[in-house]
Amino acid sequence: MSESLASQIQNLPKVELHSHLEGCIPPGLVRTIAKRNGITLKEGLFTKDDTFAWNDFVEFLQAYDEASFCLRKAQDYRDIMYTYMEQCAAEGTIYAETFISPDHAAAVGMSYDDMLSGCVQGIDDAQRDFGIVGRLIVSCVRHLGPEQAVVVAQQLVDNSHPYIVGFGMGGNESMFTQADFAPAFNIAAAAGFACTTHAGEVLGPESVWDAIDNLPVTRIGHGVRSVEDPALITELAKRGIALEVCPGSNIALSVYPNLASHPLNKILEAGISTSLNSDDAPFFATTVGSEYQSGANDFGLDLEQLRNISRMAMQASFADAHTKARLLAVIG
Ligand code: ADE
Ligand code: ZN
């Protein structure tokens, strides 16, 4: 009997390029870490069904900040990284790039070094136990402004580590322009870091144009609203700029009302390099594995198309050439 499509997808090697470490902490782990650190969590952080409580994009960002408030020690970062990587590996993920935010660590008095050493330990432990390869993208927070972004970019450059492969930006896309952050991105790019920025998620195609015209980016986080401008779609394909697509996140945050109206297939048909990602798994009731399953169930993709998404993701990853070649061979 032939293996069912669901189990073939389960066994397909997967690549995740877009997840935020602070957004990867399940409610139970938030409580465990808060308890051992003697932290009282904000009232109303969780729903009665034990999910994170939020209703819109700004409330989501606030809940995300509140969850990360429990993190105080390198061990905490190690544990969330390890737990996230364990979950990814259980779903067939062979490589994951995760955004880490030094601003969130600093907000609770943690040093960059402690944050980084915890993440590195989590990656090493997960690779030893599950074989998964992890890398990090240092991310600035858009709503904290361009000057703070320069501070973060400089920290990145001054504290290099082989697992840190890029620089990125998340946060509230409605504040500032992408171009305002060119000084920060240029510092990272000049030091050899590959760059990505969230654009075309909350705002439309103009935000993606702003990013690709003014920042040294080779990838865009989300970028899904690029489909509203045919010239932009052509430009992304021509320049080989990859989109980190997160359908479950887009539905949870009401970028689209349902998966039937999500433009994943339009993006693939336009020949744009595309990956499938969870973004902030426990906040959006998703995982990278369920995004691949949804690729088949909701978007009609077959196993070879999903394998090609893994290939495109690995090519677009910020990993070194040797790691890329080795993992591309695993994907087949
Ligand atoms: N930070 C974490 N998740 C994010 C998202 N989906 N958009 C912008 N910033 C984020
Ligand atoms: Zn994101």
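Scroll up to find the structure.
Residues numbered from 1 in each chain as written. Chains lettered and ligands numbered in written order. Predicted model: local features only at pLDDT ≥ 70, side-chain atom pairs only at ≥ 80, totals over all residues. Heavy atoms only, no water.

Examining the coordination of the zinc ion (ligand 2)
Coordination of the zinc ion (ligand 2) by the protein is provided by H18 (NE2), H20 (NE2), H198 (NE2) and D279 (OD), with metal-donor distances spanning 2.1 to 2.2 Å. Each of the four donor atoms around the zinc ion (ligand 2) contributes to a set of angles spanning 89 to 171 degrees, which defines the coordination as irregular. In terms of primary sequence, the donors binding the zinc ion (ligand 2) are separated according to H-x1-H-x177-H-x80-D. Of this pair, H20 sits in strand β1 (residues 14-20) while D279 sits in the loop between β8 (274-276) and α13 (288-297), placing them 259 residues apart in sequence. By relative accessible area, H20 is classed as buried at 8%. (Donors = N, O, S within 2.8 Å, 3.2 Å for Na, K, Ca; no water. Tetrahedral: all angles 85-135°; square planar, octahedral: opposite > 155°, others 65-115°. Helix = DSSP H or I, 4+ residues; strand = E, 2+ residues; numbered from the N terminus. Buried < 20%, exposed > 50% of the residue type's maximum accessible area, 1.4 Å probe, protein only.)

Thoughts on the packing of α13 against helix α14 (residues 303-316)
Packed helices, taken two at a time, are described by the angle between their axes plus the distance between the axes. Their axes nearest at 10 Å, the elements α13 and α14 cross at an angle of 140 degrees. In terms of their interaxial angle, α13 and α14 are classed as oblique. Considering only the axes of α13 and α14, their crossing is right-handed. Where α13 approaches α14, its residues Y292, G295 and A296 are matched on the opposing element by L306, I309 and S310. Here the contact of α13 with α14 is composed, by residue class, of four nonpolar, two polar and no charged. (Axes fitted to C-alpha atoms, helices over the stretch in contact; angles between N-to-C directions. Parallel < 35°, antiparallel > 145°, perpendicular 65-115°, else oblique. Left-handed = near helix turned anticlockwise from the far one by under 90°. Contact = heavy atoms within 4.5 Å. Nonpolar A, V, L, I, M, F, W, Y, C, P; charged D, E, K, R; others polar.)

Focus: unusual backbone geometry
A positive phi is found at H222, a non-glycine position, where the angle reads about 75 degrees. Secondary-structure assignment places H222 in strand β6 (residues 219-222). Within the chain, S254 stands out as a residue other than glycine whose phi angle is a positive 60 degrees. One can find S254 in the loop between α11 (247-252) and α12 (264-269).

What about the site of ligand 1?
As a matter of local geometry, ligand 1 sits amid H20, F57, F60, Y64, G170, G171, H198, E201, H222, L253, D279 and D280. Between E201 and ligand 1, the recorded distance is 2.8 Å, taken from a side-chain N or O atom to a nitrogen atom. Taking D279, its side chain carries an N or O atom lying 2.7 Å from a nitrogen atom of ligand 1. When the free accessible area of ligand 1 is taken as 260 Å², the share hidden by the protein chains comes to 98%. In this structure the site holding ligand 1 corresponds to the largest cavity. The dominant element in the shell around ligand 1, judged by the number of residues it contributes, is helix α3 (residues 57-68), at three residues. (Near = heavy atom within 4 Å. Polar contact = N/O pair within 3.5 Å; in protein donor to acceptor, adjacent residues only side chain to side chain. Areas by Shrake-Rupley, 256 points an atom, 1.4 Å probe, with all protein chains shown as cover. 1 Å grid on protein atoms, 1.4 Å probe; cavity = no way out; pocket = protein on both sides within 12 Å on 5 of 7 lines; lining within 4 Å. Sits in = over half its atoms within 2 Å of the grid points.)

Examining the environment of R36
Mapping R36 onto the fold places it in helix α2 (residues 27-36). Separated by 40 residues in the primary sequence, R36 and D76 place their C-alpha atoms 9.8 Å from one another. Contact partners of R36, with chain neighbours within four places excluded, come to Q75, D76 and D79.

Topic: empty space enclosed by the protein
In the structure shown here, the tally under the stated rule is two cavities of 30 Å³ or more. In this structure, the largest cavity encloses a volume near 210 Å³. Every residue lining the largest cavity is counted, 23 residues in all, and those nearest its centre are H20, L61, Y64, G170 and G171. If you list the elements that add at least two residues to the lining of the largest cavity, you get α3, β2 (93-100) and β3 (133-141). Among the elements that line the lining of the largest cavity, the one with the most residues is α3, at five residues. For the lining of the largest cavity, the class distribution of residues is nine nonpolar, nine polar and five charged. (Points joined across faces, edges and corners; volume = space filled by probe spheres on them.)

Some remarks on the side chain of T286
Mapping T286 onto the fold places it in the loop between β8 and α13. Relative accessible area serves as the criterion here: at 9%, T286 is assigned to the buried category.

Describing the nonpolar core
A general feature of soluble globular proteins is that nonpolar side chains tend to end up buried together. Ranked by internal contacts, the top residues of the largest apolar core, which has 91 residues, are F60, Y77, L136, F167, I220, F283 and L306. Broken down by element, this core gets its largest block of residues, eight residues, from helix α4 (residues 74-90). When neighbours within four sequence positions are excluded, F283 is seen to be in contact with E22, G23, F52, W54, F60, A63, Y64 and A67. (Core = buried A, V, L, I, M, F, W, Y, C linked by side-chain atoms within 4.5 Å.)

Focus: the pattern of salt bridges
Inspection of every chain in the model, using the stated rule, returns 14 salt bridges. A salt bridge links R78 to D125, with the shortest nitrogen-to-oxygen separation between them at 2.9 Å. Linking R78 in helix α4 with D125 in helix α6 (residues 112-130), this pair joins segments that are 47 residues apart in sequence. What makes R78 buried here is its relative accessible area of 16%. The class for D125 is buried, based on a relative accessible area of 8%. (Salt bridge = Lys/Arg side-chain N within 4 Å of Asp/Glu carboxyl O.)

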